[in-house]
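Analysis of the macromolecular model
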Amino acid sequence: MRIIIFGAPGAGKGTQAKILSEKLSIPHISTGDILREAVKSQSPLGKQAQEIMNRGELVSDNIMIEIIKDTLNQDKCKTGFILDGFPRTLPQAVELDKLFAELKIDKVFSVVIDVNEDEIVKRITSRTACKACKAIFNDAEVKGLAKCPKCGAENSFYKRDDDKEEVVRKRLKVFRETTQPVLDFYKSKGRAVFVNGLSSIDKISEEILGLLK
Ligand code: AMP
């Protein structure tokens, strides 16, 4: 099973991608997570990406396309994957189609999680992530907790730098201007289905799993 999950920042695509990855036993490929790992290890890529990400801007297409080529060619992706965060620009979408053709991948399910911008700002600015397992929580869910309820790691909560309100607004602007055309491209080819991102987490994953059948 090969899936691409789309949605504005904060629409819940990371959360849904994790659930689907577990339920369907396919790897979750999040370009945001790959970049955050690179930043953490201060690799050359990480050093380059750090400031761009902190400003809420996009890392260059060339870099991202190389990352995705390298990842989709790995054995773990041979039988399926869920792509989260890629493609985010039209050139990325075009290159991804070429890569699918090279890898002889013809069936890819694309799902868009739809949420309005005000809801997104509210959600992102009140979220906390776990450094260890990367789970995302609402601040209220983990208030006062010392351990991550998902993986048990201690003192692992943090706020992503790019979750600050001014950066969120910038990321939404980038989404509107750069990624929306990608969705229109998929839509025009009848390749994307939409789900309502305001439903509960469980309902959304049920709906996506239902659509996959
Ligand atoms: P995400 O966790 O998917 O919201 O990604 C966090 C940040 O990583 C984005 O705001 C971008 O700066 C960068 N990023 C992730 N995926 C891509 C991509 N496909 N193209 C360019 N930049 C990306």
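Residues numbered from 1 in each chain as written. Predicted model: local features only at pLDDT ≥ 70, side-chain atom pairs only at ≥ 80, totals over all residues. Heavy atoms only, no water.

1. Focus on the site of the ligand
Our working rule: Here, proximity means that at least one heavy atom of the residue falls within 4 Å of the molecule or strand. Any N or O atom pair separated by 3.5 Å or less is treated as a polar contact, with the protein-specific requirement of one donor-capable and one acceptor-capable atom, and with residues adjacent in sequence counted only for side-chain atom pairs. Residue-level accessible areas treat just the shown protein chains as cover; the underlying method is Shrake-Rupley with a 1.4 Å probe. Secondary structure is summarised from DSSP: a helix means a run of H or I of at least four residues, a strand means a run of E of at least two, and numbering begins at the N terminus for each.
Not every one of the 17 residues close to the ligand is listed here, only the nearest: T31, R36, E57, G85 and Q92. T31 places a side-chain nitrogen or oxygen 2.8 Å from a nitrogen atom of the ligand. A distance of 3.0 Å is found between a nitrogen atom of the ligand and a side-chain nitrogen or oxygen belonging to R88. For the ligand, the protein covers 97% of the area, taking 480 Å² as the surface of the free molecule. Take the shell around the ligand: its biggest share by element is 4 residues, from helix 2 (residues 31-41).

2. A closer look at unusual backbone geometry
Operational definition: The buried label goes to any residue with under 20% of its type's maximum accessible area, the exposed label to any with over 50%, and the partly exposed label to all in between, with areas taken from a 1.4 Å probe on protein chains only.
For the peptide bond that leads from F86 to P87, omega is 5°, which places it in the cis range. Tracing the backbone through its elements, the reader meets P87 in the loop between strand 3 (81-84) and helix 5 (90-102). In this structure, K104 takes a positive phi of about 60° despite not being glycine. Residue classification places K104 among the exposed positions, given a relative accessible area of 72%.

3. Focus on the nonpolar core
This is how it is decided: What we call a nonpolar core is a set of buried Ala, Val, Leu, Ile, Met, Phe, Trp, Tyr and Cys residues that are connected through their side-chain atoms within 4.5 Å. Residues count as neighbours in contact if any of their non-hydrogen atoms are within 4.5 Å of one another.
Counting residues in each nonpolar core, the largest one holds 52 residues, and the members touching the most others are I5, F81, L83, L96, Y186 and I208. With 7 residues, helix 8 (residues 165-188) is the largest single contributor of residues to this core. With sequence-adjacent residues up to four places away left out, F81 is seen in contact with M1, R2, I3, I26, P27, I29, L72, F100 and I105. Grouped together as the second largest cluster of nonpolar side chains are 5 residues, A135, F137, V142 and C148 included.

4. A look at helix 8
Test applied: Multiplying one less than the number of residues by 1.5 Å gives the expected span of a helix. We define the bend at any residue as the angle between the axes fitted to the seven residues before and including it, ending there, and the seven starting there.
Helix length check: helix 8, at 24 residues, gives a terminal C-alpha distance of 32 Å against a target of 34 Å (1.5 Å per residue), a fit within 8%. T179 marks the point of greatest bend in helix 8, at about 40°, and the proline P181 comes within the next four residues. Positioned one or two residues after helix 8, G190 has a phi angle of 65°, which is positive.

5. Quick notes on the state of the cysteines
Put simply, the rule is: The disulfide criterion is simple: two cysteine sulfur atoms within 2.5 Å.
Using the criterion set out here, one finds 0 disulfides in the structure. With no disulfide of its own, C148 has C130 as its nearest cysteine by sulfur position, at a separation of 3.7 Å.

6. With respect to the side chain of D33
Structurally, D33 is set in helix 2. Within the local environment of D33, its side chain forms a polar contact with the side chain of R36, the two groups lying 2.9 Å apart. In this structure D33 touches H28 and K134, once residues within four positions along its chain are discounted.

7. Points about helix 6 (residues 117-125)
Going by this rule: Directions from the helix axis toward the C-beta atoms define the arc.
Of the positions making up helix 6, those classed as buried are I120, V121 and I124. On an axial view of helix 6, the arc spanned by its buried residues comes to 100°, and they lie on one face. Among the exposed residues of helix 6, those pointing more than 90 degrees away from its buried face are D118 and K122. Structurally, helix 6 contributes buried residues whose contacts are with strand 5 (127-130) and helix 8. Of the residues flanking the start of helix 6, the one acting as N-cap is N116, its side-chain oxygen 3.3 Å from the backbone nitrogen of D118.

8. Let's talk about the pairing of strand 1 (residues 2-7)
Threshold: Strands were regarded as paired on the criterion that DSSP finds at least two bridges between them.
In terms of residue burial, strand 1 counts as a mostly covered element, since 5 of its 6 residues are buried. Across 4 bridges, the pairing between strand 1 and strand 3 is parallel. Counterpart to I5 in the pairing with strand 3 is D84. Pairing between strand 1 and strand 4 (residues 109-114): 5 bridges, direction parallel. Each bridged residue has a counterpart across the sheet, and for G7 the counterpart in strand 4 is I113.

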